[in-house]
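The lines below spell out each chain.
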Amino acid sequence: MRVLVAGLIGGILMFVWGVVAHMALGLGEVGFRLPANENVALSGLQEGLGSQAGVYMLPSLDPKKMGNVAEVRAYSIKAVRSPYAWVVYQPQGTDMMQMGPQIGRQWASDTLSALALAFVMGLAGLGFRRRLAVAAAAAIFAWLSTMLPYWNWYRFPLDFTYAALGEQLIGWLIAGAAMAWWLGRSERKLAR
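To keep things clear, this report deals only with the structure shown in the data block. Residue positions are given per chain, counting from 1 as you read along its sequence in written order. Given that the model is predicted, a residue must reach a pLDDT of at least 70 before its local features are reported, and side-chain atom pairs must reach 80 or more before they are shown or counted; all residues, however, enter totals for whole chains, interfaces and linings. Neither water nor hydrogens contribute to the side-chain values; these are computed over all heavy atoms in the structure.

Within the largest apolar cluster, 15 residues are counted, with the highest numbers of intra-cluster contacts made by Ala-6, Met-14, Leu-117, Met-121, Trp-172, Ala-175 and Met-179. Going through the elements one at a time, α1 (2-24), α4 (100-121), α5 (128-154) and α6 (158-191) are the ones with two or more residues in this core. Here the element with the most residues in this core is α6; it accounts for five residues. Those residues in contact with Met-179, other than ones at most four positions away along the chain, are Ala-6, Gly-10, Ala-114, Leu-117, Ala-118 and Met-121. Among buried residues, those of type Ala, Val, Leu, Ile, Met, Phe, Trp, Tyr and Cys that are joined through side-chain atoms within 4.5 Å constitute a nonpolar core. Exposed residues in this analysis have more than 50% of their type's maximum accessible area, buried residues have under 20%, and partly exposed residues fall in between, with area computed by a 1.4 Å probe over protein chains only. Core analysis: the next-biggest nonpolar cluster, separate from the first, contains five residues, Met-147, Phe-156, Phe-160 and Ala-164 among them. Strands here mean DSSP runs of E at least two residues long; helices mean DSSP runs of H or I at least four residues long; both are numbered from the N terminus. Residue contacts are counted whenever heavy atoms from the two residues lie within 4.5 Å of one another.

Take the packing of aromatic side chains next. Any pair of Phe, Tyr and Trp rings, taking the six-membered ring for Trp, is counted once the centres come within 6.5 Å. Such a pair is stacked with planes under 30 degrees apart, edge-to-face with planes over 60 apart, and tilted for the rest. Under the defined criterion, the tally for this structure stands at nine aromatic pairs. Residues Phe-32 and Phe-160 carry aromatic rings whose centres are separated by 5.8 Å and whose planes lie at 50 degrees to one another, so their mutual orientation is tilted. Of this pair, Phe-32 sits in the loop between α1 and α2 (38-49) while Phe-160 sits in helix α6, and the two are 128 residues apart along the sequence. Here Phe-32 falls in the exposed class, since its relative accessible area comes to 55%. Taken together, a centroid distance of 6.0 Å and an interplanar angle of 40 degrees make the contact between Trp-86 and Tyr-150 tilted. On the criterion of sequence distance, the pair formed by Trp-86 in strand β2 (residues 85-89) and Tyr-150 in helix α5 is long-range, its members being 64 residues apart. Judged by its relative accessible area of 27%, Trp-86 falls in the partly exposed class. Classification of Tyr-150 by relative accessible area gives partly exposed; the value is 31%. The structure contains a cluster of three or more aromatic residues connected by ring pairs, namely Phe-32, Trp-86, Tyr-150, Tyr-154, Phe-156 and Phe-160.

Attention shifts here to the packing of α1 against α4. All axes are obtained by fitting lines to C-alpha atoms, using only the stretch in contact for helices, and the reported angles, taken between N-to-C directions, cover 0 to 180 degrees. At a closest axis distance of 7 Å, the pairing of α1 and α4 adopts a crossing angle of 135 degrees. Classed by the angle they form, the pair α1 and α4 counts as oblique. Seen along the crossing, α1 lies across α4 with a hand that is right-handed. Seen from α1, the contacting residues are Val-3, Leu-4, Ala-6, Gly-7, Leu-8, Gly-10, Gly-11, Ile-12, Met-14 and Phe-15; seen from α4, they are Ile-103, Gln-106, Trp-107, Asp-110, Thr-111, Ala-114, Leu-115, Ala-118 and Phe-119. Basically, the charged four are Asp, Glu, Lys and Arg, the nonpolar ten are Ala, Val, Leu, Ile, Met, Phe, Trp, Tyr, Cys and Pro, and anything else, Gly included, counts as polar. When grouped by side-chain class, the residues that make up the contact of α1 with α4 number 13 nonpolar, five polar and one charged. By the definition adopted for this analysis, an angle is roughly parallel if under 35 degrees, roughly antiparallel if over 145, roughly perpendicular if from 65 to 115, and oblique otherwise. Crossing handedness follows the turn of the near helix against the far one: under a right angle anticlockwise gives a left-handed crossing, and clockwise gives a right-handed one.

Glancing now at a nonpolar patch on the surface. Patch membership requires over 30% relative accessible area and the absence of a salt bridge. Like charges are linked within 9 Å, and nonpolar side chains (Val, Leu, Ile, Met, Phe, Trp, Tyr) within 5 Å. Every accessible area reported is derived by Shrake-Rupley at a probe size of 1.4 Å, with residue values counting cover from the shown protein chains alone. Any carboxyl oxygen of Asp or Glu that lies within 4 Å of a side-chain nitrogen of Lys or Arg is treated as forming a salt bridge with it. A cluster of nonpolar side chains, contributed by Met-1, Leu-4, Leu-8, Ile-12, Val-16, Val-20, Leu-25 and Trp-107, occupies part of the molecular surface with about 760 Å² of accessible area. Ranked by residue count, the leading element in the nonpolar patch is α1, at five residues. Relative to the elements of secondary structure, Leu-25 occurs in the loop between α1 and α2. Taking relative accessible area as the criterion, Leu-25 reaches 52% and is therefore assigned exposed.

Right under this line is the structure:
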């Protein structure tokens, strides 16, 4: 039960921190740019990507053609001479200002993450500082295993990548401190 309560506390605090980080501090928009001509870009996406939603990397090479030396050479030349884009594409679009479902999913994601972290933090009778160190290590692990590869392989902007580290580390330190305090309550009672 104490892990469940710690997870709920952590999930709420992480969600609130996410609101502050995105709405007040702008950490969620670091590295984002406005297009020079949005209408041209959008019509080009519809014409070039068609009707299938997905993630697209431009320029691209069909994996089936990677064994063809001429195709790989042509791709390499094109890749050096062309702009690069990593696109999450939905041909039908969505009103991003209607955030109700996204807010619910974000809260659920934060709470499930906090529950997993509370479980790990509660496995051993660690003190407050060590539990907080576990929270920091988990945040850094998640960033190193997700955001750094996105920067490396998909060329996410470095400022975006660093902002994600700041957001996650600060958030999980805040949530982790409350979770570590809660998890340590029963140990403090036993020590009396």
